[in-house]
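# Coordinate inspection notes
Now for the letters of each chain:
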Amino acid sequence: MDEGSRNKRLHCPSTNGTTQKPMESKEGAHCLEVIPASMEVHRVEQPPARSFCQKLKNKLLEMFFPDDPLRQFKGQSTKQKWILGAQYILPILQWAPHYTFKLFKSDVVSGLTIASLAIPQGISYAKLANLPPIVGLYSSFVPPLIYAVFGSSRDLAVGPVSIASLILGSMLSKEVSPIKDPVLFLQLAFTSTFFAGLFQASLGLLRLGFLIDFLSKAILIGFMAGAAVIVSLQQLKSLLGITHFTPQMGLVPVLDSVFHHTKEWSWETILMGFCFLVLLLLARHVSTKRPKLFWVSAGAPLACVIVSTIIVFAFKAQHHGISVIGKLQEGLNPPSWNMLVFHGSHLGLVIKTGFVTGIISLTEGIAVGRTFAALKDYRVDGNKEMMAIGLMNIVGSFTSCYVTTGAFSRSAVNHNAGAKTAVSNIVMSITVMVTLLFLMPLFEYTPNLVLGAIIVTAVIGLVDVPAAINIWRTDKFDFVVMLTAFFGVLFISVQEGLAIAVGVSIFKILLQVTRPRTVVLGSIPGSDIYRNLHHYKDAVEVPGFLIISIEAPINFANSMYLNERILRWVEEYEEKENAKKHSINIQYVILDMSAVSGIDTTGVTLIKELKKAIEKKGMELVLVNPLGEIIEKLQRAAETRDFMRPENLYLTVGEAVTSLSSSMKIHPPTTYDEEAQAAVPHPN
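Because the structure is predicted, anything quoted here is derived from the model rather than measured.

Parameters and conventions
Residues numbered from 1 in each chain as written. Predicted model: local features only at pLDDT ≥ 70, side-chain atom pairs only at ≥ 80, totals over all residues. Heavy atoms only, no water. Buried < 20%, exposed > 50% of the residue type's maximum accessible area, 1.4 Å probe, protein only. Helix = DSSP H or I, 4+ residues; strand = E, 2+ residues; numbered from the N terminus. Right-handed = clockwise from strand over helix to strand, strands pointing away. Axes fitted to C-alpha atoms, helices over the stretch in contact; angles between N-to-C directions. Parallel < 35°, antiparallel > 145°, perpendicular 65-115°, else oblique. Left-handed = near helix turned anticlockwise from the far one by under 90°. Contact = heavy atoms within 4.5 Å. Nonpolar A, V, L, I, M, F, W, Y, C, P; charged D, E, K, R; others polar. Expected span 1.5 Å × (residues − 1). Patch = residues over 30% accessible without salt bridge, like charges linked within 9 Å, V, L, I, M, F, W, Y side chains within 5 Å. Areas by Shrake-Rupley, 256 points an atom, 1.4 Å probe, with all protein chains shown as cover. Salt bridge = Lys/Arg side-chain N within 4 Å of Asp/Glu carboxyl O. Pairing = 2+ DSSP bridges. 1 Å grid on protein atoms, 1.4 Å probe; cavity = no way out; pocket = protein on both sides within 12 Å on 5 of 7 lines; lining within 4 Å. Points joined across faces, edges and corners; volume = space filled by probe spheres on them. UniProt positions renumbered as here; feature names shortened; annotations may be inferred. Phe/Tyr/Trp six-rings, centres within 6.5 Å; stacked < 30°, edge-to-face > 60°. Lys NZ or Arg CZ within 6 Å of the ring centre and 35° of its normal. Core = buried A, V, L, I, M, F, W, Y, C linked by side-chain atoms within 4.5 Å.

### Describing the pairing of strand β9 (residues 620-624)
The element β9 is extensively covered by neighbouring structure, given that four of its five residues are classed as buried. Running through helix α24 (residues 601-616), the crossover from strand β8 (residues 588-592) to the neighbouring parallel element β9 is right-handed.

### With respect to the packing of helix α9 (residues 182-205) against helix α16 (residues 382-398)
The interhelical angle for the contact between α9 and α16, taken along N-to-C directions, is 155 degrees, at an axis separation of 7 Å. Between α9 and α16, the angle is such that the two are roughly antiparallel. The handedness of the crossing between α9 and α16 comes out as left-handed. Touching Phe190, Thr193, Phe194, Gly197, Leu198, Gln200, Ala201, Leu203, Gly204 and Leu205 of α9 are Asn383, Met386, Met387, Ile389, Gly390, Asn393, Ile394, Ser397 and Phe398, all from α16. Tallied by class, the residues present in the contact of α9 with α16 amount to eleven nonpolar, eight polar and no charged.

### Quick look at helix α18 (residues 423-439)
With 17 residues, α18 should cover 24 Å at 1.5 Å per step; its first-to-last C-alpha distance of 23 Å lies within 8% of that length. All of the buried residues in α18 are Val423, Ser424, Asn425, Val427, Met428, Ser429, Val432, Thr435 and Leu436. Looking at the buried positions of α18, the neighbouring elements they touch are α4 (92-95), α5 (101-128), α6 (133-138), α7 (142-150), β3 (158-159) and α17 (408-416).

### Comments concerning a nonpolar patch on the surface
On the surface, a nonpolar cluster with roughly 600 Å² of combined accessible area is contributed by Leu332, Ile430, Val434, Leu437, Phe438, Leu439 and Leu442. Looking at where Leu437 falls in the secondary structure, it is placed in helix α18.

### Quick look at the pairing of strand β7 (residues 545-550)
Counting buried positions along β7 gives six out of six residues, so the element sits mostly inside the fold. Side chains Phe545, Ile547 and Ser549 project from β7 onto one buried face, and the interleaved Leu546, Ile548 and Ile550 project onto a second face that is buried too. Sheet topology places strand β5 (residues 518-523) next to β7; three bridges connect them, and they run antiparallel. Within the sheet, the bridge partner assigned to Thr518 lies in β7 and is Ile550.

### Structural notes on the layout of surface pockets
By volume, the largest pocket is sized at about 1300 Å³. Within the residue set of the lining of the largest pocket, elements represented by two or more residues are α5, α10 (217-234), α13 (267-289), α14 (294-315), α15 (347-376), α17 and α19 (448-460). Sorting elements by how many residues they give to the lining of the largest pocket places α17 first, with six residues. Across the lining of the largest pocket, the residue classes break down as 25 nonpolar, twelve polar and five charged. The space that makes up the second largest pocket amounts to roughly 920 Å³. Taken together, 32 residues form the lining of the second largest pocket, with Lys127, Asn130, Ile179, Lys237 and Ser238 sitting closest to its centre. Within the residue set of the lining of the second largest pocket, elements represented by two or more residues are α5, α9, α11 (236-240) and α19.

### Notes on the side chain of Asn448
Within the fold, Asn448 resides in helix α19. Judged by its relative accessible area of 10%, Asn448 is buried. Setting aside chain neighbours within four positions, we find Asn448 in contact with Lys127, Ser238, Ser323, Val324 and Ile325.

### A few points about the UniProt feature "transmembrane region" (unreviewed entry) in the protein chain
Within this numbering scheme, the UniProt entry marks residues 184-206, 218-236, 265-282, 294-315, 386-409, 421-443, 449-472 and 479-507 as carrying the feature "transmembrane region" (unreviewed entry). Along residues 184-206 one finds 96% helix and 0% strand; the C-alpha atoms at either end are 32 Å apart. Summarising residues 265-282: 89% helix, 0% strand, and an end-to-end C-alpha distance of 25 Å.

### A closer look at the packing of aromatic side chains
Counting across every chain of the model gives 14 aromatic pairs. Taken together, a centroid distance of 6.4 Å and an interplanar angle of 50 degrees make the contact between Phe259 and Trp265 tilted. Put simply, the rings of Phe194, Phe195, Phe342 and Phe398 touch in pairs and so form one group of aromatic residues. Between Arg154 and the ring centre of Tyr378, over which it is positioned, the NZ or CZ distance is 4.1 Å. Note that Lys316 overlies the ring of Phe313, its terminal NZ or CZ placed 5.0 Å from the centroid.

### Some points on the pattern of salt bridges
On inspection of all chains with the given rule, the structure shows nine salt bridges. The partner of Lys508 in a salt bridge is Asp475, and the shortest N-O contact between them spans 3.2 Å. One end of the pair, Lys508, is in helix α22 (residues 494-514); the other, Asp475, is in the loop between α20 (465-474) and α21 (476-491), with 33 residues separating them in the sequence. Here Asp475 falls in the partly exposed class, since its relative accessible area comes to 24%. Residue Glu615 is joined to Lys611 by a salt bridge in which the shortest nitrogen-to-oxygen separation is 2.8 Å. Of this pair, Glu615 and Lys611 both sit in helix α24, four residues apart, which is roughly one turn of the helix. A residue is classified by how much of its surface remains accessible, and Glu615, at 41% relative accessible area, is partly exposed.

### A short note on the packing of α9 against α15
Taken N-terminus to C-terminus, the directions of α9 and α15 make an angle of 55 degrees; their axes are 7 Å apart at the nearest point. The pairing of α9 with α15 is recorded here as oblique in orientation. Here the hand of the crossing between α9 and α15 comes out right-handed. Facing Leu188, Thr191, Ser192, Phe195, Ala196, Phe199, Gln200 and Leu203 of α9, the residues of α15 in contact are Leu347, Leu349, Val350, Ile351, Thr353, Gly354, Phe355, Thr357, Gly358, Ile359, Ser361 and Leu362. Looking at the contact of α9 with α15 residue by residue, the classes come out as twelve nonpolar, eight polar and no charged.

### Some details on the environment of Gln512
Position of Gln512 relative to the elements: it lies in helix α22. Residue Gln512 is classed as partly exposed on the basis of its relative accessible area of 48%. Taking the C-alpha atoms as reference points, Gln512 and Ala552, 40 residues apart in sequence, are found 8.7 Å from one another.

### Some remarks on the nonpolar core
Leu131, Leu137, Leu166, Ile167, Leu215, Phe223 and Leu436 are the most contacted members of the largest nonpolar core, which totals 113 residues. The element that contributes the greatest number of residues to this core is α9, accounting for eleven residues. Phe223 has contacts with Ile163, Ile167, Ile360, Ala485, Phe486, Val489, Val494 and Leu498, leaving out every residue within four places of it along the chain. Formed by 32 residues, the second largest nonpolar core is a distinct cluster that contains Val520, Leu533, Ala539 and Met619.

### Comments concerning unusual backbone geometry
One non-glycine residue, Asn130, lies in positive phi territory at about 65 degrees. Here Asn130 shows up in the loop between α5 and α6. Residue classification places Asn130 among the partly exposed residues on the basis of a relative accessible area of 30%. Look at Asn625: it is not a glycine, yet its phi comes out positive at around 55 degrees. Given a relative accessible area of 24%, Asn625 falls into the partly exposed group.

Here it is, written out as structure tokens:
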């Protein structure tokens, strides 16, 4: 710094119309910065008066209607309002009047493409849920028709999914055996589907979709990876030809069952299963590397089903250790509302199963829908999706279907195949209907090993290693949450592993609430900007001031911590200043409350107690930029009306320091200051 510029930052007499502001450099030297006395100090405005009902209304609107769905009705005629209302409830009315033959051609191609994937996956996932294979096809027929009417996504392909199938099958089989009592198991599956749909639709109707946000990205990545491993290991039963296999889902029981039944291994099954698994993985790899060849992985499962069925039929392989699906029932979905069970000892089980599968399938469906909507630059309404998915599961429970949602693999194929509207779901549903009516005898000789290979290929995509690496780089605590979900699913159970991971995430939130971030601010030289001393190297402490920023709401959960932390900072700064021979004692403690979004009664009490404790030390407490809600509550507290005085309330930290510096009791200048001051020409 040259001599001239240095003199500008040193003590100057007050006769030239300036105010003295003490500053401390990083080296500890003290100087007095010149501050224009004419700098305006802005007044902190009082918030406009609002009644309790107005405040409550605004809070409820922000909580339940952040998207303001009624704004589209403003300024519209009565007829137009009715039309908009019908379109809001039935999204199909938005695009159906503008539907063209060109769009239909694209939707037919994509619908037939996803049908070729949905048929073998439907059969496979039903077996994963310990249900008859035909139920998987039923679930690929009715729900897509319901979604086409009520859903808001153009790309979502609806049907059974692996994770929901795994959870439903594992939770129900803990109390009811699907082999010993298949009818009761089927009844519980349909009832669980009803409760899943009821819960999903209720979330959409009451606009409580924020509840599913507790399933963070880290939880979902770890949970799905763990579930993918468990699902794949479960398929060893089909790929190895084991007859007696454990119904448990943990890693240890599954591996124990595999190696304790080596005598049941069938080399014919292993050879045939390995060949089809390699073919499916190769087809997936080709489509991943070249997206234009998406039809390779989309058509591979159905091709493998056809080829394997022909091989089994031609060589009578069912008599040589190759297990087959067997004869399947022909015809459309039979009604099942008479099979729903709303009483008895299993009512708690079906409610719990419906809740867990409903949450998981809803999260997956909305996430998939929003992913592809972002790619095509259109909007998916989360509440409409909850209603659509919930309604299709409620109707599905009446028509022999189990839990369905938007599947990622099928939706990706639907997107790549050029789907334009939800008509692709209708085309897929019609194709499944034709299969149910006329093609069911063809699946009698389909080997179970090919269904196992299809499942393994489908769930491999759930193991997202790049996303896990990104979480590790971004947030180590989130990585721990992800590992908790992953290992919880592997070594305990699917639902308990998920619950533990959610618990760890909530614990993280509680830590953030009870231990909010607080930092000490310093001045950026040459400006009125104040930033974290530990973050900005150029920031310097302001002698006589302790400036603290609170970056969280103040409430009963963190008031005690904030009280102890702030007073400890005061004591530490007092000790540090006392250790210096030429220093300025703390005279003002400034709380920057710009980031404090709310305060409760305990928080107001904290401010009062802090003020008393700080005043006992001969200092003053100053608040900077408190929000309207905080000002109102401080006003109502009779003992804290003095906070409303101009000298205790400022709009910015810079204005507070500027205004209060003029009244500070400053120690005599140090030797450095005196030498520098001598170089400044004084007026006579």
